[in-house]
Amino acid sequence: GFENVTCSAPQDLILLPCPSTKVLRILRLKLSCSDTTLAAAQMLRLRCRRATATVTPGTGGTTAATPTPLVLGDSASSISTAGANNTSKATTSGAFTTIWQETIHLYTALNERLDRPFEIAPSNAFIFELLSSPSGTVNLTGTVEYEEIG
């Protein structure tokens, strides 16, 4: 995830490349405004997509975000190159498939526990995106909770 990042343009909030020997199950999406003063009231357009084949992360953000286990004693994640806040979008030699989209109000935090988790196949990727340009600059904090199978 990421914490208190200034966002003023559409971006890939979080990119999770699935290891070649695992399946990812996306369990929860979280996004909230972390400004210390009241930001302008506005709507944010969000989307989640699967990307198949060879995925090239975008640039302009952090490409070394380290996933953290939620359960004590769990082994480290097999994902070693998660990305966050890339303002140039990821590309793929395969196809993108939209699996979720929503519009939320900036003042209402997103805390979406998925009753039917999204599954991401081995060697594919999951991308959680901000599609709209915020009015002015806002600071956001976001997380994707997932589990690895296999």
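On a predicted model such as this, the values are computed, not experimentally measured, just so you know. (Residues numbered from 1 in each chain as written. Predicted model: local features only at pLDDT ≥ 70, side-chain atom pairs only at ≥ 80, totals over all residues. Heavy atoms only, no water.)

### Things to note about the environment of Glu-119
Position of Glu-119 relative to the elements: it lies in strand β10 (residues 110-120). Glu-119 sits 93 residues away from Ile-26 along the chain, and the two C-alpha atoms are 6.4 Å apart. Those residues in contact with Glu-119 that lie beyond four places of it in its chain are Val-23, Leu-24, Arg-25 and Arg-50. (Helix = DSSP H or I, 4+ residues; strand = E, 2+ residues; numbered from the N terminus. Contact = heavy atoms within 4.5 Å.)

### Things to note about the pairing of strand β2 (residues 11-17)
The side chains of a regular strand alternate, residue by residue, between the two faces of the sheet. Of all seven residues in β2, six are buried; the element is thus mostly enclosed. As paired elements, β2 and strand β11 (residues 125-130) share six bridges and run antiparallel to each other. Residue pairing across strands places Pro-17 opposite Ala-125, the latter belonging to β11. Pairing of β2 with strand β7 (residues 82-86), which is carried by three bridges, proceeds in the antiparallel orientation. Looking at β7, one finds that Leu-15 is bridged to Gly-83. (Buried < 20%, exposed > 50% of the residue type's maximum accessible area, 1.4 Å probe, protein only. Pairing = 2+ DSSP bridges.)

### A few points about the packing of aromatic side chains
Evaluation of the coordinates by the stated rule reveals two aromatic pairs. Both rings, one in Trp-100 and one in Phe-128, keep their centres 6.5 Å apart while their planes meet at 65 degrees; by these two values the pair is edge-to-face. Linking Trp-100 in strand β9 (residues 96-105) with Phe-128 in strand β11, this pair joins segments that are 28 residues apart in sequence. Its relative accessible area of 0% is what places Phe-128 among the buried residues. Across from the ring centre of Phe-96, 3.9 Å away, lies the NZ or CZ of Arg-49, which sits over that ring. (Phe/Tyr/Trp six-rings, centres within 6.5 Å; stacked < 30°, edge-to-face > 60°. Lys NZ or Arg CZ within 6 Å of the ring centre and 35° of its normal.)

In short, the description is geometric, and any link to function would need to be established separately.
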